[in-house]
Amino acid sequence: MKHPVFAANWKMNHAPADATEFLRQFLAHYPRQQDRTVLIFPPALTLHAVTAGLKERSDILVGVQNIHWEDKGAFTGENSAPIARAAGARYVLVGHSERRHVFGETDEETGKKVAAATRAGLVAVICVGETLEQRECGDTESVALRQLRAAVANVDAHHIGGYMVAYEPVWAIGTGKNATPADASAVHAALRKDLRSLAGERGAAVPILYGGSVNSGNAAALLGASDVDGLLVGGASLNAEAWTAIVRT
Ligand code: PGA
């Protein structure tokens, strides 16, 4: 039996008042359920509105979309893992393709961020995935595995299992072109095998989410694919009705 994870990545959308209204609609249609995990990643400045809106709903957890790798210091504009934790975040997205490709984040930096998250007690959701060019060159699995290894390079064996992985092919993000369930399964199986070789059964139990143009129409098929433990949803998570349909998959 799967215990699926549904994660909403709002990216740079939803001001505090929008988040409050979103939660009003979503919570009215999504009663507490024990058999799934629901996560929301709002923009950092909207985090407070989301934690306030979830005061009575400890079943839904909140994360930030990015952190700096240092715990504090002179890094104008950045947020640290301890600050995110203190503000109510329990999760953090690390290595999202927009961080890598729009902001130039390197494999090494994602590794330092995962270490910072682990130190602060945040669960890192490590995002990996190939570009269209890499896919066409046959490098899909090697890119995902290289990004995974770099992301966990500074995590000691004891902490392996304290994070999640999200496979998000870059060409599928925000394009309306999702990976097929079979394509997703193949990459997830390769990631699972690598996680097992890193940390045995604890590694194999790390949830592996699929992300990239997930919507209420394709969620069931993707979630039904082998080795897909959950969904990381961007665009379709912004609309309370669409998001409710997805988490009820
Ligand atoms: P999308 O984004 O669902 O809009 O494709 C997914 C993501 O970037 O996490």
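Refer to the structure presented above.
Residues numbered from 1 in each chain as written. Predicted model: local features only at pLDDT ≥ 70, side-chain atom pairs only at ≥ 80, totals over all residues. Heavy atoms only, no water.

A. Up close: the side chain of Asn66. Locating Asn66 in the fold gives a position in the loop between strand S3 (60-64) and helix H3 (81-86). The exposure class assigned to Asn66 is buried, which follows from its relative accessible area of 19%. Of note is the side chain of Asn66, whose polar atom sits 2.8 Å from the side chain of Lys113. The contacts of Asn66, once residues within four sequence positions are left out, are Glu78, Val92, Leu93, Arg99, Glu105 and Lys113. (Helix = DSSP H or I, 4+ residues; strand = E, 2+ residues; numbered from the N terminus. Buried < 20%, exposed > 50% of the residue type's maximum accessible area, 1.4 Å probe, protein only. Polar contact = N/O pair within 3.5 Å; in protein donor to acceptor, adjacent residues only side chain to side chain. Contact = heavy atoms within 4.5 Å.)

B. Structural detail: the pattern of salt bridges. Taken as a whole and judged by the stated rule, the model has 15 salt bridges. Across the pair Arg24 and Glu21 runs a salt bridge whose closest N-O atoms are separated by 2.7 Å. Here Glu21 and Arg24 lie together in helix H1 (residues 16-29), a separation of three residues that amounts to about one turn. Since its relative accessible area comes to 54%, Arg24 is described here as exposed. Residue classification places Glu21 among the partly exposed positions, given a relative accessible area of 33%. Beyond isolated ion pairs, a larger network of salt bridges with shared partners links Arg99, Glu105 and Lys113. (Salt bridge = Lys/Arg side-chain N within 4 Å of Asp/Glu carboxyl O.)

C. Spatial organisation of empty space enclosed by the protein. Per the stated rule, a full pass over the model turns up one cavity of 30 Å³ or more. Each pocket or cavity is described by its volume, and for the largest cavity that value is around 40 Å³. Forming the boundary of the largest cavity are Gly95, His96, Ser97, Arg100, His101, Cys127, Val128, Gly129, Gln147, Glu168 and Val170. Counting only elements with at least two residues in the lining of the largest cavity, the list comes to helix H4 (97-101) and strand S5 (123-128). No other element matches H4, which puts three residues into the lining of the largest cavity. Classifying every residue of the lining of the largest cavity by side-chain character gives three nonpolar, six polar and two charged. (1 Å grid on protein atoms, 1.4 Å probe; cavity = no way out; pocket = protein on both sides within 12 Å on 5 of 7 lines; lining within 4 Å. Points joined across faces, edges and corners; volume = space filled by probe spheres on them. Nonpolar A, V, L, I, M, F, W, Y, C, P; charged D, E, K, R; others polar.)

D. A look at the nonpolar core. Residues Phe26, Tyr163, Val165, Leu191, Tyr210, Leu231 and Trp243 are the most contacted members of the largest nonpolar core, which totals 64 residues. Of all hydrophobic cores here, the second largest spans twelve residues; its members include Val5, Val125, Met164 and Ala166. (Core = buried A, V, L, I, M, F, W, Y, C linked by side-chain atoms within 4.5 Å.)

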